Amino acid sequence: MKNNRWLTILVAVSAILIAGSAAFFSVTGLGVLFSGAAVAVMIMAGSLEFAKLVTATYLKQEWDSITGINKWYLTTAVVILMAITSAGIFGYLSNAFQQQNLKLDQVSREISVWDNKIKTDSSQIVLYTNQLNQLQTNNTTVLNKNTNRSSLRFATSTSNEQSKIRTKISVLNDSIVAYNSHINDIKNANIGIEREVGGFRFVAEAFGVELKSVVKFFIILIVIVFDPLAVALVISFNQLVLVNRKKDEEEDKKHFPGP
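Keep in mind that what you see is a predicted model, and the values were worked out from it rather than measured.

Rules of the game
Residues numbered from 1 in each chain as written. Predicted model: local features only at pLDDT ≥ 70, side-chain atom pairs only at ≥ 80, totals over all residues. Heavy atoms only, no water. Phe/Tyr/Trp six-rings, centres within 6.5 Å; stacked < 30°, edge-to-face > 60°. Helix = DSSP H or I, 4+ residues; strand = E, 2+ residues; numbered from the N terminus. Buried < 20%, exposed > 50% of the residue type's maximum accessible area, 1.4 Å probe, protein only. Lys NZ or Arg CZ within 6 Å of the ring centre and 35° of its normal. Polar contact = N/O pair within 3.5 Å; in protein donor to acceptor, adjacent residues only side chain to side chain. Patch = residues over 30% accessible without salt bridge, like charges linked within 9 Å, V, L, I, M, F, W, Y side chains within 5 Å. Areas by Shrake-Rupley, 256 points an atom, 1.4 Å probe, with all protein chains shown as cover. Salt bridge = Lys/Arg side-chain N within 4 Å of Asp/Glu carboxyl O. pLDDT = per-residue confidence, 0-100. Expected span 1.5 Å × (residues − 1). Contact = heavy atoms within 4.5 Å.

This next bit is on the packing of aromatic side chains. Evaluation of the coordinates by the stated rule reveals 7 aromatic pairs. Summarising the aromatic geometry, the rings of phenylalanine 24 and tyrosine 92 are spaced 6.2 Å apart at their centres and angled 65° between planes, so their arrangement reads as edge-to-face. Placement of the pair is phenylalanine 24 in helix α1 (residues 2-33) and tyrosine 92 in helix α3 (residues 69-145), with a sequence separation of 68 residues. Residue phenylalanine 24 is classed as partly exposed on the basis of its relative accessible area of 48%. Judged by centre distance (4.9 Å) and plane angle (45°), the rings of phenylalanine 25 and tyrosine 92 are tilted. Of this pair, phenylalanine 25 sits in helix α1 while tyrosine 92 is found in helix α3, placing the two residues 67 residues apart along the sequence. The class for phenylalanine 25 is partly exposed, based on a relative accessible area of 23%. On the basis of relative accessible area, tyrosine 92 is assigned to the partly exposed category, the value being 24%. One aromatic cluster is present, formed by Phe24, Phe25, Tyr92 and Phe226 through successive ring pairs. When the ring centre of tryptophan 63 is taken as reference, the NZ or CZ atom of lysine 71 above it lies at 4.5 Å.

What follows concerns the side chain of lysine 52. The residue lysine 52 is located in helix α2 (residues 38-61) in this model. Among the polar contacts made by the side chain of lysine 52, one reaches the side chain of threonine 85 at a distance of 3.2 Å.

A cluster of nonpolar residues, Phe90, Phe200, Phe217, Phe218, Ile220, Leu221 and Ile224, forms a patch on the protein surface that exposes about 620 Å² of accessible area. Along the polypeptide, phenylalanine 200 turns up in helix α6 (residues 198-207).

A separate point is the confidence of the model for the chain. Chain-level pLDDT for the chain is 81 on average; 85% of the residues reach the 70-or-more range. Averaged pLDDT values over the elements of the chain bottom out at 73 in helix α5 (residues 191-196) and peak at 89 in α2.

Take α2 next. Quick reminder: α-helices carry 3.6 residues per turn. Residues three or four places apart thus point the same way. Along its 24 residues, α2 runs 35 Å from first to last C-alpha, staying within 8% of the 34 Å computed at 1.5 Å per residue. For α2, every residue scored as buried is listed here: Val41, Ala45, Glu49, Lys52, Thr55, Ala56 and Leu59.

Turning our eyes to something else, we now look at the environment of valine 11. For valine 11, the location among the structural elements is in helix α1. Take valine 11: its relative accessible area is 11%, and that puts it in the buried class. Spatially, the C-alpha atoms of valine 11 and leucine 233 are 6.4 Å apart, while their sequence positions differ by 222 residues. For valine 11, the contacting residues outside a window of four places in its chain are Leu233, Ser236, Phe237 and Leu240.

Structure follows, in structure tokens:
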């Protein structure tokens, strides 16, 4: 009997914590969804949250005595309110991730600017390298055929051209190093954001899906279990209360039998 009392207390505490958390996230989320009348919506949602738990308790304790359409209306109302609460929780969590995702998108855009410059310079290096190789091939071919003055002048000219191309390639390589340094600075400045989404990013990369899809999946899992668990715990608490009440009545009859 004593263990049953402790179980009742634990279920009650769990129900209060989860129901309170669900109510907070739902009310805040609905306030965000209807930001034009956030305060009014939050007051309405808070009232509905409280009424939902009271209704679930009433249905559990007085199920046999409730008759007519009222029983099924109250049951339907609880189910619909659970759906509304879940929608509010989904809105709250989605909004929280969206704010973070906007920062990630900003970081990605900043990095893409430097990435594009790196790609442009890299393509220029490839072109210059091809030109350099072509000049070296032509120079070798001419010198192998003859070594007269015109050939020497051509060799000198191509050598100067090769020197200019090497200088351009060096400048482009230095630019790429500088661009990579800018990218590293951006990543270091936003390492906190990367750390916050690192777990989700790892899962996304492991399964080859987008980060948004992974986060959406986790949010849906939380929504599915959150408010329904709160209502289930409230019902379970009431069940334990009823069981304890019956046991107390049976104990009283044993110790104080009637005439």
